[in-house]
Amino acid sequence: MSFRNGLASLLRPEDSVLVLIDHQPYQLTNLNSHDPHMVVNNSTALAKAAKAFGVPTILTSVIAERGGLIFPQITDVFPGQEVIDRTFINTWQDKKVVDAVKATGRKQLIIAGLWTEICVAMPTIQALGEGWDVTVVTDASGGTSVEAHEVAIQRMIAAGANMMTWLAVASEWQRDWARTEHAAELSELLVQHAAGSGIAFLWEQQLLNTPVPSAAGRSNRG
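It should be emphasised that the depicted structure is a prediction, and the values quoted were computed from it without experimental measurement.

Observations concerning the environment of Ser 145
1) Next: By the element assignment, Ser 145 lies in the loop between β5 (133-137) and α7 (146-159).
2) Next: Among the residues examined, Ser 145 registers a relative accessible area of 27% and is labelled partly exposed.
3) Next: Taking the C-alpha atoms as reference, Ser 145 lies 9.5 Å from Glu 117; in sequence the two are 28 residues apart.
4) Next: Look past the residues within four positions of Ser 145 in its chain and what remains in contact with it is Asn 32 and Ser 33.
5) Next: Looking at Ser 145, its side chain comes within polar contact range of the main-chain nitrogen of Ala 148, at 2.9 Å.

Put into structure tokens, the structure is as follows:
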């Protein structure tokens, strides 16, 4: 097994392509590894981050007629974009999806989906075998149990996959706060989807904009 390390191994927005797999109602109903609210939040945040950094994003569902449409929180990020509907459980066996990924010309493949042990693990392991650099976003994915999710992660790591969370992905795309072209979008993403970090950022802004009491004011109170 070759280790994934060094500066060149970090994610770059210009080399990344994101595939969001089966974020649908049917899968959500038997999601037991994570709070469903959290997975909807995190997958939406990941989609917004990809859009902010210009990362091509492929949306795919499985038999949407019965399993339901992709969460509107995700499709609203990409209005009018086609969702590729499959019959294959393994996304990487669907030629239309693979062709869409290859058409981007990028080799850093980022995957998130439901369920981790099936619809994420299968394409990840196949793509790794075909030479792709694959990152799985674990908190924008989820399994039918904690065990199923964790065993799938272990299996994919053993196959050579990289594991990250959505905020780590967005931060790696940003990389340098001197790169100001997306800093405001990332800050807004923190406010909307990163809970404590976002609230702390707003508090910091509040404090920076709060006048310091004058010396006279302090003496009058004394």
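Right, picking up where we left off after that structure.
Examining the packing of aromatic side chains
1) Next: Throughout the structure, instances matching the rule amount to three aromatic pairs.
2) Next: Aromatic pair Tyr 26 and Trp 115: ring centres 6.1 Å apart, planes at 45 degrees, arrangement tilted. Taken together, the residues Tyr 26 in helix α1 (residues 25-29) and Trp 115 in the loop between β4 (108-113) and α6 (116-129) connect sequence positions 89 residues apart.
3) Next: With a centroid separation of 5.6 Å and an interplanar angle of 80 degrees, the aromatic rings of Trp 92 and Trp 132 are classed as edge-to-face. Of this pair, Trp 92 sits in the loop between β3 (83-86) and α5 (95-103) while Trp 132 sits in the loop between α6 and β5, and the two are 40 residues apart along the sequence. Across this residue pair, the class does not change: Trp 92 and Trp 132 are buried.

Section: α6
1) Next: Under the 1.5 Å per step criterion, the end-to-end length of α6 is 18 Å for 14 residues, consistent within 8% with the ideal 20 Å.
2) Next: Residues of α6 that are buried include every one of Thr 116, Glu 117, Cys 119, Val 120, Ala 121, Pro 123, Thr 124, Ala 127 and Leu 128, and no others.
3) Next: Looking at the buried side of α6, the elements it contacts are β1 (16-21), β4, β5 and α7.
4) Next: Directly beyond the C-terminal end of α6, a positive phi value near 95 degrees is found at Gly 131.

Topic: the sheet that holds β1
1) Next: Across the sheet, which stays open at both edges, the six strands sit in the order β3-β2-β1-β4-β5-β6 with parallel pairing between neighbours. Taken across any chain shown, the strands that pair with only one partner, and hence form the sheet edges, are β3 and β6 (162-164). Direction aside, the axes of adjacent strands within the sheet are offset by 25 degrees on average.
2) Next: Note: strand β2 (residues 57-62) against β3, four bridges, orientation parallel. Residue pairing for β3: Ser 61 is matched across the bridge by Asp 85.
3) Next: Contacts between helix α8 (residues 166-174) and the sheet are confined to β1, β4, β5 and β6, with β6 contributing the most and set at about 100 degrees to the helix.

Quick word on the environment of Gly 160
1) Next: Of note, Gly 160 is situated in the loop between α7 and β6.
2) Next: Classification of Gly 160 by relative accessible area gives partly exposed; the value is 29%.
3) Next: Taking the C-alpha atoms as reference points, Gly 160 and Thr 144, separated by 16 residues in sequence, lie 23 Å from one another.

Criteria and thresholds
- Residues numbered from 1 in each chain as written.
- Predicted model: local features only at pLDDT ≥ 70, side-chain atom pairs only at ≥ 80, totals over all residues.
- Heavy atoms only, no water.
- Helix = DSSP H or I, 4+ residues; strand = E, 2+ residues; numbered from the N terminus.
- Buried < 20%, exposed > 50% of the residue type's maximum accessible area, 1.4 Å probe, protein only.
- Contact = heavy atoms within 4.5 Å.
- Polar contact = N/O pair within 3.5 Å; in protein donor to acceptor, adjacent residues only side chain to side chain.
- Phe/Tyr/Trp six-rings, centres within 6.5 Å; stacked < 30°, edge-to-face > 60°.
- Expected span 1.5 Å × (residues − 1).
- Pairing = 2+ DSSP bridges.
- Axes fitted to C-alpha atoms, helices over the stretch in contact; angles between N-to-C directions.

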